[in-house]
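This is what each chain is made of:
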Amino acid sequence: MTSEEIKNNVEKALDEIRPFLQSDGGDISLISIDNNSLVKVKLEGNCIGCSVNQMTLKSGVEMTIKKYAPQIEEVINVG
């Protein structure tokens, strides 16, 4: 998979997740994809101060991104 295909797949994953975050007053933006394996995102809105944002990031966001782009090893919030 090319870097562009990985980026497109990560964006598709974020589009799938975004409505759930927005329903809680939050959002998420893709910052970068490093070495085609590390995705950096920025949680926004209510997600910034949310006490469960790390759980959301790992179980929801990372799992969904890996479904679309299995070569992704980690997703981190650079908030």
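Predicted, not measured: the structure shown is a model, and the values here were computed from it.

A. Structural detail: the nonpolar core. Of all hydrophobic cores here, the largest spans 18 residues; its most connected members are Val 10, Leu 14, Val 39, Val 61, Ile 65, Ile 72 and Val 75. Mapped by element, the contributors of at least two residues to this core are helix H1 (3-23), strand E1 (26-34), strand E2 (38-45) and helix H2 (53-68). Ranked by residue count, the leading element in this core is H1, at six residues. The residues touching Val 39, leaving out its near neighbours within four places in the chain, are Val 10, Leu 30, Ser 32, Ile 33, Ile 65, Ile 72, Glu 74, Val 75 and Ile 76.

B. Structural view of the pattern of salt bridges. The full count for this structure, using the stated rule, is six salt bridges. The residue Arg 18 makes a salt bridge to Asp 15 at a minimum N-O spacing of 2.7 Å. Placement of the pair is Arg 18 and Asp 15 together in helix H1, with a separation of three residues, close to one helical turn. Here Glu 16 and Lys 67 are joined by a salt bridge, their closest N and O atoms 3.1 Å apart.

Rules and cut-offs
- Residues numbered from 1 in each chain as written.
- Predicted model: local features only at pLDDT ≥ 70, side-chain atom pairs only at ≥ 80, totals over all residues.
- Heavy atoms only, no water.
- Core = buried A, V, L, I, M, F, W, Y, C linked by side-chain atoms within 4.5 Å.
- Buried < 20%, exposed > 50% of the residue type's maximum accessible area, 1.4 Å probe, protein only.
- Helix = DSSP H or I, 4+ residues; strand = E, 2+ residues; numbered from the N terminus.
- Contact = heavy atoms within 4.5 Å.
- Salt bridge = Lys/Arg side-chain N within 4 Å of Asp/Glu carboxyl O.

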